[in-house]
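Close look at the chain arrangement
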Protein chains: 2
Amino acid sequence: MSYPVFAVTVDLVVLTVREGELQVLLVRRGCEPFLDRWALPGGFVLADEDLATAARRELAEETGLDGPGGHLEQLASYGAPERDPRGRVVTVAYLALLPDLPAPTAGTDAAEAEWRPVGQTGLAFDHDRILADGIERARSKLEYTPLAAAFCPPEFTVAALRQVYEAVWGESIDPRNFHRKATTTPGFIDPTGGATEGGTGRPARLYRRGEASLLNPPLLRRRLDG
Amino acid sequence: MSYPVFAVTVDLVVLTVREGELQVLLVRRGCEPFLDRWALPGGFVLADEDLATAARRELAEETGLDGPGGHLEQLASYGAPERDPRGRVVTVAYLALLPDLPAPTAGTDAAEAEWRPVGQTGLAFDHDRILADGIERARSKLEYTPLAAAFCPPEFTVAALRQVYEAVWGESIDPRNFHRKATTTPGFIDPTGGATEGGTGRPARLYRRGEASLLNPPLLRRRLDG
DNA sequence: CCTTTTCTCGTCACCTTGACGATAATCGTC
DNA sequence: GACGATTATCGTCAAGGTGACGAGAAAAGG
């Protein structure tokens, strides 16, 4: 039995909240095809490597990060016959949510890598589509899981968490209602006992990410229509 | 630049509601590896074929069905290095939701294909895991989308729709509250004007699947805990 | 005609949410 | 040190959704 031969890559939709907006990590391609075009970071899966392992390796290579912070999950796979002019390539896209930590793209290779506001189009291959799918997944995940905390440092305030929601969803949220929701939904966030110092206004209590995997009840964004 | 060589397959988690319970289409393997073991139906992606096209082709081959009824979506990809002893194979799993139509597995090839209650384990490869992921996806989809109608024939009653929910979720639902929810959520179901005849009890109105892609508000199952 | 069955509609208490007022705790300035 | 600005936190209230459950409507069968 013979069967077609494929190459398999992983591509990463790495999202963070910087400067009050949702941004994505993009690299400028240094070789053909799509030379000099912006693209999602990614690379080939090695011969003896699991898909998730390849995704973690690429993420570490591009960002220098690896630790327990943030979140990485499989997004979807894309395998249209003509998506890569070099041949038959199937890519498994992963979605990463990272806090806005100091090391901005201070990794290693990846010609130039930069944080760019989402909404930029004209990416290489079918990466416009993959990015759009990743953003929608992130927006949806914030509704049903406590993963917004993956965008925050280990300890954060309710206001910081709210600003994540506002940046990812692109809509403003009432601070008082959000505070009630965040502090009363079981397993969403846990108080550390500490508080912020030195800022303007009343000091805010600090929280850690809660242990729940699902928000119950969920925190739904406003839907315009069905 | 050289890179590892892969084979790519699609595997299908085909679910239906039969005899009041959730069932999955399984085939008995006719060749090594895992000879005679139950497995999800699937096959290799052809040289010039898109992933979704391959999934639709396999679905048609195994079930004989193809029409507009039902629902097919990508589930996830699985590519552990040792998941197939023949070599490096990445599989893209698809989830199909089908009504319980007459032609039960009356397709073509696929040595023996049968509807089996979900919950059966001991499948070939990593298909236990894929099946579990598919079931969880289906349960979740029923919460946020009108896709339960994909398990029903084109025209159906509210009671039939409720029985789909009960079978997929494995819990009983109050018929009166479900009726209110199904008939008042915009875009969930649309009345055809017709009604059932000849059954026992009061005739039930018939409905078609609504045009909404998302239930708003969603229809959440009971969660034991976060 | 009466019972059984199932569909459909109502009622009521409870909870969650959106809108928004009020208080608390800090900083900067005078 | 008093005062206003700023932000965090807590309360209040009405509207809407949900769970629990009663009751009528419309058929079949004896």
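Residues numbered from 1 in each chain as written. Chains lettered and ligands numbered in written order. Predicted model: local features only at pLDDT ≥ 70, side-chain atom pairs only at ≥ 80, totals over all residues. Heavy atoms only, no water.

So, on to the protein's contact with DNA strand D. Around DNA strand D, the surrounding shell holds 21 residues, and the nearest of these are Arg176(A), Arg205(A), Arg176(B), Arg180(B) and Lys181(B). Take the atoms of DNA strand D that sit within 4 Å of the protein: sugar and phosphate atoms are 56% of them. Arg202(A) places a polar main-chain atom, nitrogen or oxygen, 3.3 Å from a base oxygen of DNA strand D. Interatomic distance of 3.2 Å between a side-chain N/O atom of Arg202(B) and a base nitrogen of DNA strand D. Elements that contribute at least two residues to the surface near DNA strand D include exactly α4 (175-184) of chain A together with α4 (175-184) of chain B. No other element matches α4(B), which puts four residues into the surface near DNA strand D. Among the residues forming the surface near DNA strand D, the class breakdown is six nonpolar, six polar and nine charged. (Near = heavy atom within 4 Å. Polar contact = N/O pair within 3.5 Å; in protein donor to acceptor, adjacent residues only side chain to side chain. Helix = DSSP H or I, 4+ residues; strand = E, 2+ residues; numbered from the N terminus. Nonpolar A, V, L, I, M, F, W, Y, C, P; charged D, E, K, R; others polar.)

Our next topic: the relation of the copies chain B and chain A. It takes a turn of 180° to lay chain B on chain A, together with a shift of 0.0 Å along the axis; the resulting RMSD is 0.0 Å. These values place the two chain copies in the arrangement generated by a two-fold rotation axis. Nearest to the rotation axis, the C-alpha of Phe6(B) is located 2.6 Å from it, this being the minimum over chain B. When the interface residues of chain B are mapped onto chain A, 100% of them again lie at the interface, so the same face is used by both copies. (Least-squares fit on C-alpha atoms with pLDDT ≥ 70 in both. Contact = heavy atoms within 4.5 Å.)

With that settled, the discussion passes to the environment of Gly199(B). Residue and element names in this part refer to chain B. By the element assignment, Gly199 lies in the loop between β8 (189-195) and β9 (205-209). Given a relative accessible area of 57%, Gly199 falls into the exposed group. Once the C-alpha coordinates of Gly199 and Leu123 are considered, the two residues, 76 residues apart in sequence, prove to be 40 Å apart. (Buried < 20%, exposed > 50% of the residue type's maximum accessible area, 1.4 Å probe, protein only.)

Time to look at the domain arrangement of chain A. All names here are of chain A. The domain boundaries assigned to chain A delineate domain 1 (7-143) and domain 2 (146-209). Each of domain 1 and domain 2 has a C-alpha centre, and these two points are 27 Å apart. Across the boundary between the two partners, domain 1 contributes 18 residues, which contact 12 residues of domain 2. Three residues, Val17, Arg139 and Leu142, lead the burial of domain 1 against domain 2; their summed loss comes to 45% of the area buried on that side. At the junction of domain 1 and domain 2, the tally comes to zero salt bridges. The tally of links between domain 1 and domain 2 comes to three residue pairs in polar contact (both at pLDDT 80 or more). Among the elements that make up the side of domain 1 that touches domain 2, the one with the highest residue count is helix α2 (residues 127-144) (five residues). The residue makeup of the side of domain 1 that touches domain 2, split by class, is eight nonpolar, four polar and six charged. (Domains from an automatic or database assignment. Buried area = accessible area lost by both parts, 1.4 Å probe. Salt bridge = Lys/Arg side-chain N within 4 Å of Asp/Glu carboxyl O.)

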